[in-house]
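The residues making up each chain are set out below.
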Amino acid sequence: MKTESFRGKDFITLLDWTREEVETILDVALDLKRRYAMREPHDHLLRARTLFMIFYNQSLRTRNSFEAGMTQLGGHAHYLDPGKIYTPALPGKEVAYSTERVSDVARVLARMGDAIAIRCYGDPVDWVYGGANELIRNFAYWADIPVLNMEDDKYHPFQALADILTVKEKFGTFKGVNFVMSWAYSPSIHKPRAVPQSAIIAATMMGMNVTLAHPEGMELDPEVLAACEANARHNGGSFKISHDMREAFKGAHVVYPKAWCATPIFKPPVGEDDPKKTQQIFDSHKDWICDAEKMRLTDPESIYLHCLPCDRGYEVTDEVIDNTTRSKERPWLSAAYDEAENRLHVQKAVMSLVMS
Ligand code: CP
């Protein structure tokens, strides 16, 4: 839905929001976090409101933080399994009495509730890069209530809000913070780009010094990279790309190592529809693991982030992620669980702002 204020606005990518708006969301999230910690009731904010959540993919954090968040705000979140409704589909993708056109689903749900949230990436759109984002944008075109992106194949904006809220809490500022978004090895070649793309958009929007580290073949969307360069120019930070994990970690305040898929996995014209080639790229970079040796290259006050779920023993060692208290031997702090909790607070903030 198109609007000039928070109320009624869709939340699909941070690229549709200004830095000032994002800072307001973070302020509201911190206020709601304090209220939740103090057990101060705030269930008047969305009393009797309904959020419809359509999950094409699995989830632990996203589903539960939205459901818990709606309960705490006084409303309710419906979980909708696409296989148990008539799977929402775009024109040309419809199957008789099995799917239902997005334009119909969106308009019907908009008559009954207050927002529609969608998660869709990968297999449900046959690894056509951008296909899931197109589906969500189509929902937003037809629904006259806000549409919220719970992760598509391009963006995971709620995760990015939780990431930058965690940085704000740990460092008290974004200025001068060296933020490293790094690829890390995983035995699974099927991981979307949404998390790293949204993280670098958010970090450059906040004016951090951002390094994107990955082996060749793991490039991200050129449009996202261009947006990050523009963000860095406008917001006072920097943005660079490195192909060396160790070099990128040197002096970092924030490291965020996680796997994402290699370009050949996507269907043409973006990729080559070639899982074998994708597997080869992955297999030649098994040393891209976040371990204690690499963490010792970072700033002594550094934090480790991961959106979770993580592949322990591949993306990260137990020693790194389980280090939730700093020590002389292990000076870094794993903030991955603070980051997971912050999903709840940022989502409550956005829902309060757009659904009230
Ligand atoms: N980080 C994240 O989105 O987690 P889930 O896949 O569990 O929702």
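A. How the structure looks around the overall build of the protein. Helix and strand content of the protein: 12 helices and 12 strands. Radius of gyration (C-alpha) of the protein: 20 Å, near the 21 Å computed for a compact globule of 356 residues. Its C-alpha atoms give the protein principal-axis dimensions of about 55 × 50 × 35 Å. Out of the 356 residues in the protein, the part that is buried amounts to 58%. In the protein, once contacts between residues fewer than 6 apart in sequence are set aside, the share between residues at least 24 apart is 77%. Carbon and sulfur atoms make up 50% of the accessible area of the protein, which amounts to about 14900 Å² in all. With 42 positive and 50 negative side-chain charges, the protein shows a spacing of 3 Å between the two charge centroids.

B. Spotlight on the state of the cysteines. Taken as a whole and judged by the stated rule, the model has zero disulfides. With no disulfide of its own, Cys 120 lies closest to Cys 261 among cysteine sulfurs, the gap being 14 Å. Residue Cys 120 is classed as buried on the basis of its relative accessible area of 1%. In this structure Cys 290 is a free cysteine whose sulfur lies 10 Å from that of Cys 310, the closest cysteine sulfur available.

C. Main features of the environment of Phe 266. Looking at the secondary structure, you find Phe 266 in the loop between β10 (254-258) and α9 (275-283). Relative accessible area serves as the criterion here: at 3%, Phe 266 is assigned to the buried category. Residues contacting Phe 266, with those up to four places away along its chain left out, are Trp 127, Tyr 129, Arg 193, Cys 261, Gly 271, Glu 272 and Asp 273.

D. Representation of the site of the ligand in the model. As a matter of local geometry, the ligand sits amid Ser 59, Leu 60, Arg 61, Thr 62, Arg 119, His 156, Gln 159, Cys 307, Leu 308 and Arg 343. In the model, an oxygen atom of the ligand is placed 2.7 Å from a nitrogen or oxygen of the Leu 60 main chain. Measuring from an oxygen atom of the ligand, one finds a side-chain N or O atom of His 156 at 2.9 Å. Its free accessible area being 260 Å², the ligand has 93% of it covered by the protein chains. The residue inventory of the shell around the ligand, partitioned by class, reads three nonpolar, four polar and three charged.

E. A look at the pattern of salt bridges. With the rule as written, the count across this model stands at 24 salt bridges. Residue Arg 47 is joined to Asp 43 by a salt bridge in which the shortest nitrogen-to-oxygen separation is 3.1 Å. Asp 43 gets classed as partly exposed once you look at its relative accessible area, which sits at 32%. Bridged by salt links that share partners, the residues Asp 31, Arg 34, Arg 35 and Glu 40 form one connected network.

F. The arrangement of the sheet that holds strand β2 (residues 76-80) in detail. One open sheet accounts for four strands, arranged β2-β1-β5-β6; its pairing is parallel. Since the sheet does not close on itself, it has two edges, and those belong to β2 and β6 (147-149), each with one partner. Direction aside, neighbouring strands of the sheet carry axes that sit 20° apart on average. In the sheet, strand β1 (residues 50-55) pairs with strand β5 (residues 115-119) via five bridges, with the strands oriented parallel.

G. Expanded view of the packing of aromatic side chains. In total, this model carries 14 aromatic pairs according to the counting rule given. A ring pair is formed by Trp 183 and Trp 288, whose centres lie 6.2 Å apart and whose planes are at 65°; its orientation type is edge-to-face. Taken together, the residues Trp 183 in strand β7 (residues 178-183) and Trp 288 in the loop between α9 and α10 (292-295) connect sequence positions 105 residues apart. One aromatic cluster is present, built from ring pairs that chain together Phe 6, Phe 11, Trp 17, Phe 66 and Phe 158. Sitting above the plane of the Tyr 36 ring, Arg 39 keeps its charged end 5.1 Å from the centroid. The residue whose ring lies beneath Arg 193 is Tyr 129, and the NZ or CZ to ring-centre distance is 4.7 Å.

H. Expanded view of the sheet that holds strand β12 (residues 333-334). Reading across the sheet, the six strands line up as β9-β8-β7-β10-β11-β12 and stay open at both edges, with parallel pairing between neighbours. Edge strands, defined here as strands with exactly one partner in the open sheet, are β9 (238-242) and β12. With two bridges joining them, strand β11 (residues 303-304) and β12 adopt parallel strand pairing. Looking across to β12, one finds that Ile 303 is bridged to Leu 333. On top of the sheet, helix α6 (residues 194-205) reaches β7, β8 (209-213), β9 and β10; it is set at about 165° to β7, its chief contact. Against the sheet, helix α7 (residues 222-235) makes contact with β8 and β9, and its axis sits at roughly 140° relative to β9, the strand it touches most.

I. Representation of the domain arrangement of the protein in the model. For the protein, the domain assignment lists domain 1 (3-154 + 343-355) and domain 2 (159-341). Of note, the centres of domain 1 and domain 2, computed from C-alpha atoms alone, are 25 Å apart. Facing 29 residues of domain 1, the contacting portion of domain 2 comprises 36 residues. When the buried surface of domain 1 facing domain 2 is broken down by residue, Trp 127, Tyr 129 and Arg 343 rank first, second and third, together holding 28% of it. Across the contact surface, domain 1 and domain 2 share two salt bridges. The salt bridge partner of Asp 126 is Lys 267, with a shortest N-O separation of 3.6 Å. Our count for the contact surface shared by domain 1 and domain 2 stands at 15 residue pairs in polar contact (both at pLDDT 80 or more). Those elements giving two or more residues to the side of domain 1 that touches domain 2 turn out to be α1 (19-37) and α12 (336-355). When residues of the side of domain 1 that touches domain 2 are assigned to their parent elements, the largest contribution, nine residues, is made by α1. Grouping the amino acids of the side of domain 1 that touches domain 2 by side-chain chemistry returns 16 nonpolar, two polar and 11 charged.

About the criteria used
- Residues numbered from 1 in each chain as written.
- Predicted model: local features only at pLDDT ≥ 70, side-chain atom pairs only at ≥ 80, totals over all residues.
- Heavy atoms only, no water.
- Helix = DSSP H or I, 4+ residues; strand = E, 2+ residues; numbered from the N terminus.
- Rg over C-alpha atoms; globule rule 2.2 N^0.38 Å.
- Buried < 20%, exposed > 50% of the residue type's maximum accessible area, 1.4 Å probe, protein only.
- Contact = heavy atoms within 4.5 Å.
- Areas by Shrake-Rupley, 256 points an atom, 1.4 Å probe, with all protein chains shown as cover.
- Lys, Arg positive; Asp, Glu negative; His and termini not counted.
- Charge placed at Lys NZ, Arg CZ, Asp CG, Glu CD.
- Disulfide = S-S within 2.5 Å.
- Near = heavy atom within 4 Å.
- Polar contact = N/O pair within 3.5 Å; in protein donor to acceptor, adjacent residues only side chain to side chain.
- Nonpolar A, V, L, I, M, F, W, Y, C, P; charged D, E, K, R; others polar.
- Salt bridge = Lys/Arg side-chain N within 4 Å of Asp/Glu carboxyl O.
- Pairing = 2+ DSSP bridges.
- Axes fitted to C-alpha atoms, helices over the stretch in contact; angles between N-to-C directions.
- Phe/Tyr/Trp six-rings, centres within 6.5 Å; stacked < 30°, edge-to-face > 60°.
- Lys NZ or Arg CZ within 6 Å of the ring centre and 35° of its normal.
- Domains from an automatic or database assignment.
- Buried area = accessible area lost by both parts, 1.4 Å probe.

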